[in-house]
Amino acid sequence: MNPGVIAAAVVPHVPTLGLPENTPDFQLTLVEGERTLGRALRNAKPDLFVVNSSHWICTFGWYATCQSRHEGVCVADEAPDLIPGIPYQRKGDAEFAAALVDEWQAQGIPGGRNDTPHYAWDYGSLVPLLYLDPEAQIPVVQIPTVIMADHAECMRSGRAVHATAKRLGRRVVFVASSAFTHDLVRGRHFKPAPEREALDQRFIDQLKRGAVDEALAWFPEYSRAVVAEMNGKPLATLLGALQAMNEDGMILAGEQFGGYAQSSGSGNANVVVWRQ
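Conventions used here
Residues numbered from 1 in each chain as written. Predicted model: local features only at pLDDT ≥ 70, side-chain atom pairs only at ≥ 80, totals over all residues. Heavy atoms only, no water. Patch = residues over 30% accessible without salt bridge, like charges linked within 9 Å, V, L, I, M, F, W, Y side chains within 5 Å. Areas by Shrake-Rupley, 256 points an atom, 1.4 Å probe, with all protein chains shown as cover. Salt bridge = Lys/Arg side-chain N within 4 Å of Asp/Glu carboxyl O. Helix = DSSP H or I, 4+ residues; strand = E, 2+ residues; numbered from the N terminus. Buried < 20%, exposed > 50% of the residue type's maximum accessible area, 1.4 Å probe, protein only. Pairing = 2+ DSSP bridges. Core = buried A, V, L, I, M, F, W, Y, C linked by side-chain atoms within 4.5 Å. Contact = heavy atoms within 4.5 Å. Phe/Tyr/Trp six-rings, centres within 6.5 Å; stacked < 30°, edge-to-face > 60°. Lys NZ or Arg CZ within 6 Å of the ring centre and 35° of its normal.

A.B. asks: Can you lay out a nonpolar patch on the surface for me, pointing to particular residues and giving the numbers?
C.D. replies: On the surface, Ile-57, Phe-60, Ile-147 and Met-148 cluster together into a nonpolar patch covering about 440 Å² of accessible area. The topology assignment puts Phe-60 in the loop between β2 (48–58) and β3 (62–65). Given a relative accessible area of 61%, Phe-60 falls into the exposed group.

Spelled out as structure tokens, the structure:
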């Protein structure tokens, strides 16, 4: 059965991916990459996705969605013209979410339950899942980006996902919904500065090689230099999950699905690290 985090992926969520009529040609590689990655992830037979969105933002504490079913309409509050309302119905995993909150609290990480029936998904959570799991077959637990959490706390939170999955016997895919470089400008056709794209490619190469220790050591410098989305917090949480997998003796290797593409100066790609 081999429970724990079985794969950890960075995926794009730019709002122009939400509806096909809004997706420019230069971002189609992101859509096709997410579709192909989704097939590969589903073939790995995960029990659930844990989605860390850079657009569900909490100031102080870590929350996990404890609803057994997610249902509603997603509106991109910052771009309602691009995502004016996408209905969603997806399964949750209330047991895993509650156990993750317990694990955070046991580690001294401020955690809490999001079990309100009125909660509505952010587009950073929904957009990637439209392509990763278009039939909405795999349960989802969401976790936020926490403003007060530094990179070390984010990594501990990611390690807790792996620990919880092992304790419950779950096979989990960790999904960081985030850009890489994120120094935004107006105009979605603008590419990142060449030096920032080069740094992105170096970080992506580390993930593809499964070079977790190398990525961890360089990450503070990298996230500052590229102006990573949300200060690199979702990427740091992903690195924490990878660190826990690495410490369990797992052999890790990554791959990229589709190309690297811009959105208003940001850099985006579908990259996954698998346990072998």
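Still more ground to cover, so stick around.
A.B. asks: Tell me about the pattern of salt bridges, and name the residues and values.
C.D. replies: Counting across every chain of the model gives twelve salt bridges. Here Glu-247 makes a salt bridge to Arg-159, at a shortest N to O gap of 2.9 Å. Separated by 88 residues along the polypeptide, Glu-247 in helix α7 (residues 233–247) and Arg-159 in helix α4 (residues 151–168) bring together distant segments of the chain. What makes Glu-247 exposed here is its relative accessible area of 51%. What makes Arg-159 partly exposed here is its relative accessible area of 28%. Overlapping salt bridges, with partners in common, bring together Asp-93, Glu-95 and Arg-170 in one network.

A.B. asks: An account of the environment of Leu-216 is needed here, citing residue identities and associated values.
C.D. replies: Following the sequence through the fold, Leu-216 ends up in helix α6 (residues 212–226). Separated by 27 residues in the primary sequence, Leu-216 and Gln-243 place their C-alpha atoms 8.4 Å from one another.

A.B. asks: I'd like to hear about the pairing of strand β6 (residues 111–114), residue by residue, with values.
C.D. replies: Of the two faces of β6, only one is covered, namely that formed by Gly-112 and Asn-114; the face formed by Gly-111 and Arg-113 stays uncovered. Two strands pair when backbone bridges link them, and β3 and β6 are joined in this way by four bridges, in the parallel orientation. For Trp-62, the partnering residue across the bridge sits in β6 and is Gly-111.

A.B. asks: Report on the pairing of strand β5 (residues 86–91), specifying residues and quantitative values.
C.D. replies: Where burial is concerned, the two faces of β5 differ: the one with Ile-86, Tyr-88 and Arg-90 is buried and the one with Pro-87, Gln-89 and Lys-91 is not. Bridge analysis of strand β4 (residues 69–74) against β5 gives six bridges, and the strand direction is antiparallel. Paired with Val-73 across the bridge in β5 is Pro-87.

A.B. asks: I'd like a rundown of the nonpolar core, residues and numbers included.
C.D. replies: Counting 50 residues, the largest nonpolar core has Phe-180, Phe-203, Leu-207, Leu-239 and Leu-242 as its most contacted members. Counting residues per element, this core draws most heavily on α6, which supplies seven residues.

A.B. asks: I'd like a description of the side chain of Asn-114, backed by residues and values.
C.D. replies: Structurally, Asn-114 is set in strand β6. The exposure class of Asn-114 is buried, given its relative accessible area of 8%. With near-sequence residues (within four places) excluded, Asn-114 lies in contact with Trp-56, Tyr-63, Ala-64, Thr-65, Cys-66, Gln-67 and Tyr-119.

A.B. asks: An account of the packing of aromatic side chains is requested, with residue identities and associated values reported.
C.D. replies: The geometry of an aromatic ring pair comes down to the distance between the two centres and the angle between the two planes. In total, this model carries eight aromatic pairs according to the counting rule given. With a centroid separation of 4.8 Å and an interplanar angle of 20°, the aromatic rings of Tyr-88 and Trp-121 are classed as stacked. Placement of Tyr-88 in strand β5 and of Trp-121 in the loop between β6 and α3 (123–132) is noted, with a sequence separation of 33 residues between them. Classification of Tyr-88 by relative accessible area gives buried; the value is 4%. Judged by centre distance (5.1 Å) and plane angle (40°), the rings of Trp-218 and Tyr-222 are tilted. Of this pair, Trp-218 and Tyr-222 both sit in helix α6, four residues apart, which is roughly one turn of the helix. Here the basic side chain of Arg-202 rests over the ring of Trp-218, its NZ or CZ set 3.9 Å away from the ring centre.

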